[in-house]
Amino acid sequence: MAPPLRSVQEFLHAPAAGTVVLGGWVEDVRNLGSIAFILVRLRDGTVQVAAKKKADESLFQELTKLTRESVVEIAGKVVENKEARHGREVQPAQLSILSPADTPLPLGVVDKVGVEFDTRLDNRTVDLRKPATRAIFEVRSLLEAGLRHELARLGFIEVHTPKLAGAGAEGGASLFQTDYFGRKAFLSQSPQLYKQMLMATGLDRVYEIAPAFRAEPSDTVRHVTEFTSFDAEMAWIEGQEDVLKVLEAVVAGSLAYVKEKGSAPLGVLGVDPRVPALPLPRLRYPEALEILQAQGKRVRDGQDIDTEGEKILGRAMADKGHEMFFLTEYPTAIKPFYVMAQAEEPEYTWSFDLEYKGDEMASGGQREHRIDALRDSLKRKGLDPAGFEFYLSAFRYGMPPHGGWGLGIDRLTQKMLDLPNIREAILFPHDRNRLVP
RNA sequence: GCCCCGGUGGUCUAGCGGUCUAUGAUCUCGGCCUGUCGAGCCGAGUGCCCGGGUUCGAAUCCCGGCCGGGGCGCCA
């Protein structure tokens, strides 16, 4: 057989009365006795094959015995017909079963009954045959392409840092430990230290889109143990504001990119994400506390804002028309050692979170680039500077002021598409309980 | 990890001490049907998460485990 058509679009452009080969999955077989319809699913839709018993009885038998989701190639003639999908169908001449599907299916691609998410994940390759499931990843791909597009425009280069680490990085989050030829090694929880080290080199605007691993036993719809982190770091900043400006431009630009290029998958999903107007509001930590207080939620100054508080703030800002905003100047006590404390009020930092629809998308800020202050900060957090020599050495021989952020791509995809669970935005999500597939 | 709720054919559900030889749908298999497009009609098939316990009797009650859903903590 000739090479198969790869899409409905190609099928629609094939000459009428000409011969085509359809390659795809058998979505359904409707046998009416003397005529049968076989729906063949291609990447962008289904094409109907209409087989008549009297035309070729043995071919008719073969076609009507096909099990759903089998992979086939069917050669035949293109016939215009008002009653067919797309106004045309295929009159079959030859069938080749490339890969028969077992019955029954673990979940029906076009069944009318619901399927639990866990069953879908156990059978993800079948689940991904649903256009609405696949559309999520088409959008996600565009989102990443949009980020790269904006970052290139702003002079950033893409880098890749080690995912196997010899030492625990930032403290706090638990690390997955593994064996490295008899030595202890850890899966990287973040490229934080490496991307900062690059700021000392002249590669002064870098970003990375890569996996990050957290051994936190978090069990929520917004946590997984393996996620995709979008990190960026930029040198020669004058302050936190320089970082905010870049991040908001990159995120808004990427959303606009998705809307421009992704009308097909967005249509399948029935969502129309808003591109936020810039600049995004900057809500300072003390202001956030005031809003919370006014809503009857007490948070002591210097403490972190809990999930409930975060949701309240999200709603308060949404009421003012902002589904995305920055929460800035967090207390020093609840931030990692590498953030820069404010000179006038050292109990607060030049740091921020990016909030979107009530969830945290990114966190970042200006970093401490003065080695003495950095050493003090490590000690104050109860960490031993000796364990961070490889990192500190980058500061010893000249480090410009710098800042950056880490953003969860999976979360951004989830919230942009209003998905109920971060796992919907990950092909093969891994969490506390799930490691397979 | 903690709190609340749950686990019934391949899938999704009803049942919540005997009336269960377990409901319905979907699915699978077989049959009928020349225009289906959530095809229709007829027939058949497959099941109570695991381990203890209570009871004359457990899908149903109790305990433990595993798994799932929601929430919290933590964060991307």
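Residues numbered from 1 in each chain as written. Chains lettered and ligands numbered in written order. Predicted model: local features only at pLDDT ≥ 70, side-chain atom pairs only at ≥ 80, totals over all residues. Heavy atoms only, no water.

Caption draft 1: Geometry of the packing of helix α9 (residues 285-294) against helix α10 (residues 307-319). Running from N to C, α9 and α10 point in directions that differ by 90°, and their axes come no closer than 10 Å. One element, α9, and the other, α10, form an angle in the roughly perpendicular class. Where α9 approaches α10, its residues A288, I291 and L292 are matched on the opposing element by G309, I312, L313 and A316. (Axes fitted to C-alpha atoms, helices over the stretch in contact; angles between N-to-C directions. Helix = DSSP H or I, 4+ residues; strand = E, 2+ residues; numbered from the N terminus. Parallel < 35°, antiparallel > 145°, perpendicular 65-115°, else oblique. Contact = heavy atoms within 4.5 Å.)

Caption draft 2: Local environment of the nonpolar core. Counting residues in hydrophobic clusters, the biggest one holds 42 residues, and the most contacted among them are F230, L247, L354, W405, L407, M416 and L417. Leave out the neighbours within four places in its chain, and L407 touches T228, S229, F230, L247, V251, L354, M361, A362 and L412. Core analysis: the next-biggest nonpolar cluster, separate from the first, contains 24 residues, V29, F60, L63 and L95 among them. (Core = buried A, V, L, I, M, F, W, Y, C linked by side-chain atoms within 4.5 Å. Buried < 20%, exposed > 50% of the residue type's maximum accessible area, 1.4 Å probe, protein only.)

Caption draft 3: The arrangement of the protein's contact with RNA strand B in detail. With respect to spatial proximity, 54 residues lie near RNA strand B, and among them R30, E83, T307, R411 and R432 are the closest. At the protein interface, 56% of the atoms of RNA strand B within 4 Å belong to sugar or phosphate. H223 has a polar side-chain atom sitting 3.0 Å from a base oxygen of RNA strand B. G408 has a polar backbone atom sitting 3.3 Å from a sugar or linking oxygen of RNA strand B. Every element with two or more residues in the surface near RNA strand B is listed here: β1 (19-31), β2 (35-42), β3 (45-52), α3 (117-122), α10, β15 (359-366) and β16 (402-408). Counting residues per element, the surface near RNA strand B draws most heavily on β15, which supplies four residues. In terms of residue class, the surface near RNA strand B is built from 16 nonpolar, 16 polar and 22 charged. (Near = heavy atom within 4 Å. Polar contact = N/O pair within 3.5 Å; in protein donor to acceptor, adjacent residues only side chain to side chain. Nonpolar A, V, L, I, M, F, W, Y, C, P; charged D, E, K, R; others polar.)

Caption draft 4: Expanded view of helix α12 (residues 389-396). Every buried residue of α12 is accounted for by Y391, L392, A394 and F395. Seen from one end, α12 has its buried residues packed into an arc of 145°, which puts them on one side. Immediately downstream of α12, the backbone of G398 shows phi near 105°, a positive value. (Arc of directions from axis to C-beta.)

Caption draft 5: Quick peek at the sheet that holds strand β11 (residues 226-235). Strand order in the open sheet made by the eight strands is β6-β10-β11-β16-β15-β14-β13-β12, with mixed pairing throughout. Every other strand in the sheet has two partners, leaving β6 (157-158) and β12 (282-284) as the edge strands with one partner each. Strands in contact with α10 are β12, β13 (324-328), β14 (351-356) and β15; relative to β13, the strand with the most contacts, it is inclined by about 130°. (Pairing = 2+ DSSP bridges.)

Caption draft 6: Region of the structure containing the pattern of salt bridges. Enumeration according to the criterion identifies 37 salt bridges in this entry. The partner of R282 in a salt bridge is E241, and the shortest N-O contact between them spans 2.8 Å. One end of the pair, R282, is in strand β12; the other, E241, is in helix α7 (residues 240-261), with 41 residues separating them in the sequence. Connected through shared salt-bridge partners, R120, R124, D127, K130 and E424 make up one network. (Salt bridge = Lys/Arg side-chain N within 4 Å of Asp/Glu carboxyl O.)

Caption draft 7: Inspection of α10 at higher detail. Counted at 1.5 Å a residue, the expected span for α10 with its 13 residues is 18 Å, and the 18 Å between its end C-alpha atoms agrees. The secondary structure elements touched by the buried residues of α10 are β12, α9, β13, β14 and β15. In the segment just after α10, G321 is the residue with positive phi, at about 90°. (Expected span 1.5 Å × (residues − 1).)

Caption draft 8: Spatial organisation of the packing of aromatic side chains. Overall, the coordinates contain 11 aromatic pairs when judged by the stated rule. Note on F337 and Y338: the rings are 5.4 Å apart at their centroids and 80° apart in plane angle, and the pair reads as edge-to-face. When its relative accessible area of 7% is taken as the criterion, Y338 is described as buried. Centroid distance F337 to Y391: 5.9 Å. Interplanar angle 85°. Geometry classified as edge-to-face. Linking F337 in the loop between β13 and β14 with Y391 in helix α12, this pair joins segments that are 54 residues apart in sequence. For F337, a relative accessible area of 1% translates into the label buried. Residue Y391 is classed as buried on the basis of its relative accessible area of 0%. Grouping aromatic residues by their ring pairs yields a cluster made of F337, Y338, F388, Y391 and F395. The ring of F11 is capped by R88, whose NZ or CZ atom sits 5.7 Å from the centre of that ring. One cation-aromatic arrangement involves K335 over Y330; the distance from NZ or CZ to the ring centre is 4.7 Å. (Phe/Tyr/Trp six-rings, centres within 6.5 Å; stacked < 30°, edge-to-face > 60°. Lys NZ or Arg CZ within 6 Å of the ring centre and 35° of its normal.)

Worth remembering: the numbers are spatial, not functional.
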